[in-house]
Amino acid sequence: MTAMDERGFSIPNKCRSLKYMFFACLILSALVTYVYINNVFHSDRDFLNSISPVASLLRAGRKDVSSIGNINTSQAASEHLHVLQYVPRKKITERPPTTEPCDEECQWERRQIRYKADVNQACDLNNEARQITNWAEWVKVNELVLQSFYFSDKHKTIYCEVPKSACTGMKRVFYVMNGGKDKKVLTKMNIHPHSFRSNWRLSNEKSVKKVIERLKTYKSIMIVREPFARAVSGYQDKFDLRPNGFWKDWAKTMLKSEGKDPSLVGTRKDISGHKALVTFEEFITFTTNTSVVNKYRGDQHWMPIAEICFPCQFNYDFIIKIENMKDDVAYTLKRIGEEKLLQYMFEKGGHETKSSNSSSKEAYLSQLTPDLVLAFKDRFVKDYHAFNYSMDVLNLPQR
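Below: a short report on this structure. Within each chain, residues carry numbers counting from 1 in the order of the written sequence. In view of the model being predicted, local features appear only for residues whose pLDDT reaches at least 70, and side-chain atom pairs are presented and counted only at 80 or more, with totals across whole chains, interfaces and linings using the full set of residues. Excluded from the side-chain calculation are hydrogens and water; included are all heavy atoms of the structure.

Things to note about the overall build of the protein chain
Spelled out, the test is: Going along the chain from the N terminus, every DSSP run of H or I of four or more residues is numbered as a helix, and every run of E of two or more is numbered as a strand. Relative accessibility under 20% of the residue-type maximum defines a buried residue, over 50% an exposed one, and the middle range a partly exposed one, all with a 1.4 Å probe and only protein chains included. In this description, contact between two residues means that some pair of their heavy atoms is separated by no more than 4.5 Å. Note on areas: Shrake-Rupley with a 1.4 Å probe; residue coverage comes only from the protein chains shown.
Of regular secondary structure, the protein chain possesses 16 helices and 8 strands. Classification of the 399 residues of the protein chain by burial places 49% in the buried group. Long-range contacts, defined here as pairs at least 24 residues apart, represent 72% of the contacts in the protein chain between residues at least 6 apart. When the accessible area of the protein chain is evaluated, it comes to approximately 20600 Å², of which 54% is carbon and sulfur surface.

This is the structure:
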């Protein structure tokens, strides 16, 4: 005789009923979770669109010419997509406590958590957290951008160079990490050309297999900076304070692209009284026009960090902010076992400017029209979001 429970169900039938109920609940939970995540994702994106002056840029997703990971044109962007797959970032939602006692290294660890959380949130909300599915093809498509990556096999560490973000000092560090001892190379005039030709520049590596291995497995470092301060520093350094022949050619290109006479190069003074190659307004006009920049293949000095270092495709182990430069660099070098090299980051001879001074930034900002300020926001919106910089610095001063 079949055993019965107190409600008259046979025991085997009861087990089957419970099993069906379990699977039904599981399916229902999955549907509820999907609807919730979908609604949250779209509401978050709508929120970003509402607060950003570049709503159309965010709504365009990865179809715009300034999509993360691209250096050239919209055609290159379309070629790029087939080697990428959308994969949501591992969420870092837990923020470190701020009330408990904490020494300097502990504070650095907390900042690293915040930095990475900011990047992950921006990449996920913009649907740009991408996993590379075809590494060989990706390296081929981004061959030019790989010129910005330097490595140390001994330390299994790779560094993405962002011009005007302490790159002179970090190149000195990598030169020494790779066995360099010639003090003449460490000067500001020599470290850059030496590093361009070095065997520790990723684009100089002939083996695609080794390039991929380093990108996939090495610890990674990136130094970031508030975009407008970086732009002012780049302008001062290349077109105002120390112009040379190379940048004079770029200045002529800028004027030509804007329909102006190239003979104007170097004939007008900037706000500090120097005879600049181009005005700051002309510089921003050129560098924020993506179609023009792509036509002339651009230059990393005025490219967004999002298009140089691929923060939505690589999970950087160490993010250094210029605003917390000394401590961020010190503990990053400590973690890779080279704390003694900190001196090379702060040796005299880098391209120092005063662009981080708020009054200096306001003076340059006052040279721009509202439309140009908006264009700058459009061009660098991903950097502002990913690295949690406020766009309030771009509020035009009252005239």
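Topic: the pairing of strand β8 (residues 318-321)
Under the convention used in this document: Two strands pair under a simple rule: DSSP has to find at least two bridges between them.
Along β8, one buried face is formed by F318 and I320 and the opposite face, lined by I319 and K321, is buried too. For strand β5 (residues 219-224) and β8, the ladder comprises 4 bridges, and the chain directions are parallel. Residue I223 lies in a different strand from β8, and its bridge partner there is I320.

Quick notes on helix α16 (residues 370-386)
This is how the line gets drawn: Each helix should span, by expectation, one fewer than its residue count multiplied by 1.5 Å. A residue's bend is the angle separating two fitted axes: one through the seven residues that end there, the other through the seven that start there.
For α16, with 17 residues, the first-to-last C-alpha span of 24 Å sits near the 24 Å given by 1.5 Å per residue. In the structure, α16 departs most strongly from a straight axis at F380, where the bend amounts to approximately 65 degrees. Three or more residues of α16 are buried, namely L372, V373, F376, K377, R379, F380, V381, K382, D383, Y384 and A386. Remark: N388 follows α16 within two positions and exhibits a positive phi of approximately 55 degrees.

Here's the deal with the nonpolar core
Rules: As used in this record, nonpolar core signifies buried Ala, Val, Leu, Ile, Met, Phe, Trp, Tyr and Cys residues forming a set joined through side-chain atoms within 4.5 Å.
In this structure, L215, F228 and F239 are the most contacted members of the largest nonpolar core, which totals 93 residues. Element by element, the count of residues in this core is highest for α16, at 7 residues. Not counting residues up to four positions away in its chain, the partners in contact with F228 are F280, K361, Y364, L365, L368, F376, Y384 and L394.

Quick word on helix α8 (residues 208-217)
This is how it is decided: Relevant arc is that of directions from the helix axis to the C-beta atoms, nothing else.
Turning to α8, its buried residues number three or more, namely V211, I212, R214 and L215. Across the axial projection of α8, the buried residues extend over an arc of 165 degrees, all falling on one side. Exposed residues on α8 whose side chains face more than 90 degrees from its buried face are K209, K216 and T217.

Brief notes about the sheet that holds β5
Inclusion rule: Here the axes come from fitting lines to C-alpha atoms, over the contacting stretch only for helices, and the angles between their N-to-C directions go from 0 to 180 degrees.
A sheet is described by the order of its strands in space; here 4 strands give the open sequence β3-β4-β5-β8, paired in mixed fashion. Either end of the sheet is taken by a strand with one partner, and the two such strands are β3 (149-152) and β8. When strand polarity is set aside, the average angle formed by the axes of neighbouring strands in this sheet is 20 degrees. Pairing geometry for β3 and strand β4 (residues 157-160), over 4 bridges, is antiparallel. Bridge pairing in β4 places F151 opposite I158. On top of the sheet, helix α13 (residues 325-335) reaches β5 and β8; it is set at about 155 degrees to β8, its chief contact.

Describing the packing of helix α11 (residues 280-287) against α16
Filter applied, for reference: If an angle is under 35 degrees, it is roughly parallel; if it is over 145, roughly antiparallel; if it lies from 65 to 115, roughly perpendicular; otherwise it is oblique. For any pair of crossing helices, the crossing counts as left-handed if the nearer helix is rotated counterclockwise from the farther one by less than a right angle, and right-handed if it is rotated clockwise. Amino acid classes used here: Ala, Val, Leu, Ile, Met, Phe, Trp, Tyr, Cys and Pro are nonpolar; Asp, Glu, Lys and Arg are charged; the rest, including Gly, are polar.
It is at 9 Å that the axes of α11 and α16 come closest, and there the two elements cross at 40 degrees. Between α11 and α16, the angle is such that the two are oblique. Crossing angle aside, the handedness with which α11 passes α16 is left-handed. Across the interface between the two elements, E281, I284, T285 and T287 from α11 touch L372, F376 and R379 from α16. Of the residues assigned to the contact of α11 with α16, the class counts are 3 nonpolar, 2 polar and 2 charged.

A word on the pattern of salt bridges
Our working definition: Salt bridges are identified by distance alone: a Lys or Arg side-chain nitrogen within 4 Å of an Asp or Glu carboxyl oxygen.
Evaluation of the coordinates by the stated rule reveals 14 salt bridges. Here R111 makes a salt bridge to D328, at a shortest N to O gap of 2.9 Å. Here the residue R111 occupies a position in helix α4 (residues 104-125), and D328 occupies one in helix α13, the gap between them amounting to 217 residues. The residues R111 and D328 share a single accessibility class, namely buried. One salt-bridge network, held together by shared partners, links E105, E109, K334 and R335.

Considering unusual backbone geometry
Despite not being glycine, F310 has its phi angle at roughly 55 degrees, a positive value. Considering the arrangement of structural elements, one finds F310 in the loop between α12 (290-295) and β8. Despite not being glycine, N388 shows a phi value in the positive range, around 55 degrees. Here N388 is to be found in the segment after α16. Judged by its relative accessible area of 52%, N388 is exposed.

Shape descriptors only; they carry no functional weight alone.
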